[in-house]
Amino acid sequence: MRSLRTLLLAMAAASLGLAFQGQFRGSPRIDAAVEEAIRSDQIPGAVALIWHKGQALHRKAYGHRALTPKREPMTLDTIFDVASLTKVVATAPAIMRLAEQGKLRLNDRVTQHLPEFQGGKSEITIRNLLTHFSGLRPDLDLEPAWSGYETGIRLALADKPVAAPGERFIYSDINYILLGEVVRRVSGRPLNEYAAEVVFKPLGMRWTTFQPPAGWRPRIAPTEGILRGVVHDATARNMGGVSGHAGVFSTADGLARFAEMMIGLGAFRGVRLFSPMTIRRFTAPQSPPDQPVLRGLGWDVDSPYSGPRGDLLPLGSYGHTGFTGTSLWIDPSTETAVILLASSLHPKPRPAITPLRGRIATIVAAALGLDAPGAELAGYNETMAGAGVRRAVARNGQAMTGLDVLVEEKFAALRGKRAGLITNPSGVDREGRRNIDLMREAGVDLRVLFSPEHGLEGDRWGAVPDSRDAATGLPVWSLFSGHGQIAAGERLKGLDALVFDLQDAGARFYTYISTMGHALEEAAKYGVAFYVLDRPNPINGVRVEGPMLETEFSSFVGYHPLPLRHGMTVGELAGLFNAERKIGADLRVIRMRGWERGDWFDSTGLSWVDPSPNLRSLNAALLYPGVALLEYTPDYSVGRGTDAPFEQIGAPWIKGRELAAYLNGRYVPGVRFYATRFRPASSVCAGVLVEGVRMAITGREEFSAQRLGLEIAAALVKLYPGKVSLEANRLLIANRRVMTRLEAGDDPRQIEQESQERVEEFLKVREKYLVY
């Protein structure tokens, strides 16, 4: 009996262009779960289809398609009102195609395509609509009664947001009503026609459409009452059945074809619909960087709506649900799709079937072996890495720096070599011993020392003079003039190796990485091997935040086009510099042991040593990239010369309580502000009592240094006109577009979102040089 059933299923699948693998070991448990849901009146029936690596592992109809006015058995070819799956199988792909054609950009303001939206004045972008971070309400009002597509669009265009764009996640049908209209205006064709042209027809989704014809009615599963062949969603129904948020009808087999295309990164059986890059972008997290809810462009990645993922499918998977009882969840890492179509509203509304969806996904994952230890984290990290948005998890580690590794290996890598060393007080091992002394004790022929900004002892300001090390008498040649790099030049003659051992801060404009880059060039010029003793990125190697440096702003505080927070170690940066700048040095990185990308400095087991005089704590290091963004402003203190550098800002023209209230009203994630007064003992505003704000980190995982810097800049420009010159800070901000938008008074959340597009391009380059 089983072999006959398998044969019949295979024949039926083949007739629809689907491969069928035979008995799936998860099938009995799927059967039991669905049949229990039918017995307990959660659903009248369902079709479940599990797609895996080009084959249907499980494809079965259960229960009844209709209960009233008469019972009809469920069949595999039943057509369902897929409700909000419309958003991801029709509207988002239509936007994908238009974006690929260059007819719109994700960061376009909606008003660029719908000029009358919000009276022509709105910061909401196409991306905000796709991710549900527009701030618009969940749906249009149905009272007083209205009808007609144009009326629905007019109401959506005028609906007032209840939150600022990017501020919080609000799942909103209005977003997709507007996107449907964007498709119509940009393509010149109604959404139903355009979706059929770019998605349904190329995929052979014969039984997928808006406004199904009357001849399909017998195969359509009714929804509430005996509503059949007419979209259930009342707003879409008022609009005539075609809207960006609901209206599509389809079958399990049709959705399997769509899923196959998504898993194939835009290709379907020899036909390419979309580029792989487009698919990856739309399915990777695209929420504002500081938000805990992760949404792709249309797709759900990790949010309160992610129940259909179950307990075992990787967090890198994505999907969506429909209010009528439909769901589609795709895991690209295992090439699996879980499709469950039911009509839970027939003949009466019932609770959402989220538990059933999650249970089936968990059964599938377990049957495929995804319950193996580490499988979920691996899938999650792969997706997050692609988006540059991994989540660091605090742990208690015991990292060994590159110096510690050399100590353990008795400096074998440097044995017999005449060496020079670039270092400062941060160049110590786990026991606090200087690298200089350790190298000499191990017999390394250490001949000369080089010092970066702040000198060998880390206590100098301005130009650093040449000197001698008091303990060893070794000459110390300065590499910092007070304004930039001093070339090591002929001082490298006679050396076989130049060793770099400095603790970086993780920010683009921290000058030690510029010192490293220039020294790498000099080492290549003189044929000297360049050794980097790697050290942790103190603010973790996960978060990567713009703005990106534009080459016109290259300087000693901007050696290479990097984002503000690069998420790399000095060893990784050295590899990137050497290859991308075609330096051609004989680079040798002594890798750390026991360090993981998600580690903050407090996870390393190492002791904090101030890498520079004013970077005195991990909190200061985290705030530094954002706070220092405006440091070149005259009469503006970032806390240098106080007990809390980079943890407070102030100026004679700032009103502390006013600024604190404004910034707290912006709800900057992970940080709060309170008014303060301080008198710097040195540096800017020395001896002057100034008002300002102090910052308290409340959640470092959601904190964005970029957002902090943009919010401070925008606040100072708005509250104290003429006091802040963005041009004076051009080498720190290093991005003309960001400066222009700040001067125009644009919302920092929108500026941040736009700057991440450039960061995504950098991430592809960065990935090649990550060694941890």
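The following refers to the structure shown. (Residues numbered from 1 in each chain as written. Predicted model: local features only at pLDDT ≥ 70, side-chain atom pairs only at ≥ 80, totals over all residues. Heavy atoms only, no water.)

## Observations concerning the overall build of the protein
Okay, so step 1: The secondary structure content of the protein amounts to 22 helices and 25 strands.
Okay, so step 2: Relative to a compact globule of 772 residues, whose C-alpha radius of gyration would be 28 Å, the protein shows 30 Å and is just as compact.
Okay, so step 3: Taken over the C-alpha atoms alone, the protein extends approximately 100 × 60 × 40 Å along its principal axes.
Okay, so step 4: A buried classification covers 61% of the 772 residues belonging to the protein.
Okay, so step 5: Nonlocal contacts in the protein, meaning residues at least 24 apart in sequence, comprise 71% of its contacts between residues at least 6 apart.
Okay, so step 6: As presented, the protein carries roughly 28300 Å² of accessible surface, and 52% of it is formed by carbon and sulfur atoms.
Okay, so step 7: Charged side chains in the protein number 91 positive and 83 negative. The centres of these two groups are separated by 4 Å. (Helix = DSSP H or I, 4+ residues; strand = E, 2+ residues; numbered from the N terminus. Rg over C-alpha atoms; globule rule 2.2 N^0.38 Å. Buried < 20%, exposed > 50% of the residue type's maximum accessible area, 1.4 Å probe, protein only. Contact = heavy atoms within 4.5 Å. Areas by Shrake-Rupley, 256 points an atom, 1.4 Å probe, with all protein chains shown as cover. Lys, Arg positive; Asp, Glu negative; His and termini not counted. Charge placed at Lys NZ, Arg CZ, Asp CG, Glu CD.)

## Remarks on helix 16 (residues 570-580)
Okay, so step 1: Most of helix 16 sits inside the fold, with eight of its 11 residues counted as buried.
Okay, so step 2: Buried residues of helix 16: Val-570, Gly-571, Glu-572, Leu-573, Ala-574, Leu-576, Phe-577 and Asn-578, and no others.
Okay, so step 3: Residues of helix 16 that are buried in the fold lie against strand 18 (497-501), helix 15 (512-526), strand 19 (529-533), strand 22 (587-590) and helix 22 (748-766).
Okay, so step 4: Following helix 16 by one or two positions, Lys-582 has its phi on the positive side, about 55 degrees.

## Focus: the environment of Gln-648
Okay, so step 1: Relative to the elements of secondary structure, Gln-648 occurs in strand 23 (residues 648-651).
Okay, so step 2: Spatially, the C-alpha atom of Gln-648 lies 39 Å from that of Leu-474, the residues being 174 residues apart in sequence.
Okay, so step 3: Excluding its chain neighbours within four sequence positions, the residues that come into contact with Gln-648 are Ser-637, Val-638, Gly-639, Thr-642, Asp-643, Thr-676, Phe-678, Val-693, Arg-694 and Met-695.
Okay, so step 4: Reaching out from Gln-648, the side chain makes a polar contact with the side chain of Thr-642 at a distance of 2.9 Å. (Polar contact = N/O pair within 3.5 Å; in protein donor to acceptor, adjacent residues only side chain to side chain.)

## Quick notes on the sheet that holds strand 5 (residues 209-210)
Each strand in a sheet pairs with its neighbour through backbone hydrogen bonds, running either in the same direction (parallel) or in the opposite one (antiparallel).
Okay, so step 1: Taken in spatial order, the three strands line up as 4-6-5 in an open sheet, and their pairing is antiparallel. Two strands bound the open sheet, and with one partner strand each, they are strand 4 (80-81) and strand 5.
Okay, so step 2: In the sheet, strand 5 pairs with strand 6 (residues 248-250) via two bridges, with the strands oriented antiparallel. Note on strand 6: the bridge partner recorded for Phe-210 is Val-248. (Pairing = 2+ DSSP bridges.)

## Brief notes about the environment of Met-739
Okay, so step 1: Tracing the chain through its elements places Met-739 in helix 21 (residues 736-743).
Okay, so step 2: Separated by 449 residues in sequence, Met-739 and Asp-290 have C-alpha atoms that sit 21 Å apart.
Okay, so step 3: Not counting residues within four places of it along the chain, the set of residues in contact with Met-739 comprises Phe-553, Leu-726, Glu-727, Arg-730 and Ile-733.

## Focus on the pattern of salt bridges
Okay, so step 1: This model, assessed by the stated rule, comprises 56 salt bridges.
Okay, so step 2: Here Glu-197 ties to Arg-189 by a salt bridge, and the two come within 1.7 Å at their closest N and O atoms.
Okay, so step 3: Measuring nitrogen to oxygen at the nearest pair gives 3.7 Å for the salt bridge that ties Arg-730 to Glu-727.
Okay, so step 4: The partly exposed category is assigned to Glu-727, whose relative accessible area is 33%. (Salt bridge = Lys/Arg side-chain N within 4 Å of Asp/Glu carboxyl O.)

## Here we look at the packing of helix 21 against helix 22
Okay, so step 1: Contact geometry for helix 21 and helix 22: axes closest at 10 Å, N-to-C directions at 165 degrees. For the element pair helix 21 / helix 22, the angle class is roughly antiparallel. Of the two elements, helix 21 crosses helix 22, and the hand of that crossing is right-handed. Residues Arg-737, Val-738, Arg-741 and Leu-742 of helix 21 lie in contact with helix 22, whose contacting residues are Gln-750, Ile-751 and Glu-754. (Axes fitted to C-alpha atoms, helices over the stretch in contact; angles between N-to-C directions. Parallel < 35°, antiparallel > 145°, perpendicular 65-115°, else oblique. Left-handed = near helix turned anticlockwise from the far one by under 90°.)

## Some points on the packing of aromatic side chains
By convention here, two paired aromatic rings are described through the distance between centres and the angle between planes.
Okay, so step 1: Tallying each qualifying case throughout the model produces 17 aromatic pairs.
Okay, so step 2: Here Phe-509 and Tyr-624 contribute two aromatic rings whose centre-to-centre distance is 5.5 Å and whose plane-to-plane angle is 85 degrees, an arrangement assigned as edge-to-face. Of the two residues, Phe-509 sits in the loop between strand 18 and helix 15 while Tyr-624 sits in helix 17 (residues 618-627), which places them 115 residues apart along the sequence.
Okay, so step 3: Residue Tyr-624 is classed as buried on the basis of its relative accessible area of 6%.
Okay, so step 4: Here the basic side chain of Arg-219 rests over the ring of Trp-207, its NZ or CZ set 4.0 Å away from the ring centre. (Phe/Tyr/Trp six-rings, centres within 6.5 Å; stacked < 30°, edge-to-face > 60°. Lys NZ or Arg CZ within 6 Å of the ring centre and 35° of its normal.)

## What to know about the side chain of Thr-283
Okay, so step 1: Along the chain, Thr-283 falls in helix 10 (residues 276-283).
Okay, so step 2: Residue Thr-283 is classed as buried on the basis of its relative accessible area of 9%.
Okay, so step 3: Of the polar contacts made by the side chain of Thr-283, one reaches the backbone oxygen of Ile-279; its length is 2.8 Å.
Okay, so step 4: What Thr-283 contacts, discounting residues up to four positions off in sequence, is Met-262, Trp-299, Val-301 and Tyr-318.

## So, the pairing of strand 11 (residues 318-322)
Okay, so step 1: Buried residues dominate strand 11, accounting for five of its five residues.
Okay, so step 2: With five bridges joining them, strand 11 and strand 12 (residues 326-331) adopt antiparallel strand pairing. Looking at the pairing, Thr-321 lines up with Ser-327 of strand 12.
Okay, so step 3: With antiparallel pairing between neighbouring strands as the criterion, strand 11 and strand 12 make up a hairpin whose turn holds three residues, including Gly-325 at a positive phi of roughly 120 degrees.

## Quick notes on the sheet that holds strand 15 (residues 445-451)
Okay, so step 1: Strand order in the open sheet formed by seven strands is 16-17-15-14-18-19-22, with mixed pairing between adjacent strands. Taken across any chain shown, the strands that pair with only one partner, and hence form the sheet edges, are strand 16 (467-468) and strand 22.
Okay, so step 2: Where helix 15 meets the sheet, it contacts strand 14 (418-423), strand 18, strand 19 and strand 22, and its direction lies at approximately 155 degrees from that of strand 19.

## Concerning the side chain of Ser-187
Okay, so step 1: Of note, Ser-187 is situated in helix 6 (residues 173-187).
Okay, so step 2: Taking the relative accessible area as the measure of exposure, Ser-187 reaches 18% and is therefore buried.
Okay, so step 3: A polar contact is formed between the side chain of Ser-187 and the backbone oxygen of Val-183, at a distance of 2.6 Å.
Okay, so step 4: Only 3.1 Å separates the side chain of Ser-187 from the backbone nitrogen of Arg-189, close enough to count as a polar contact.
Okay, so step 5: Not counting chain neighbours up to four residues away, the residues in contact with Ser-187 comprise Leu-98 and Tyr-194.

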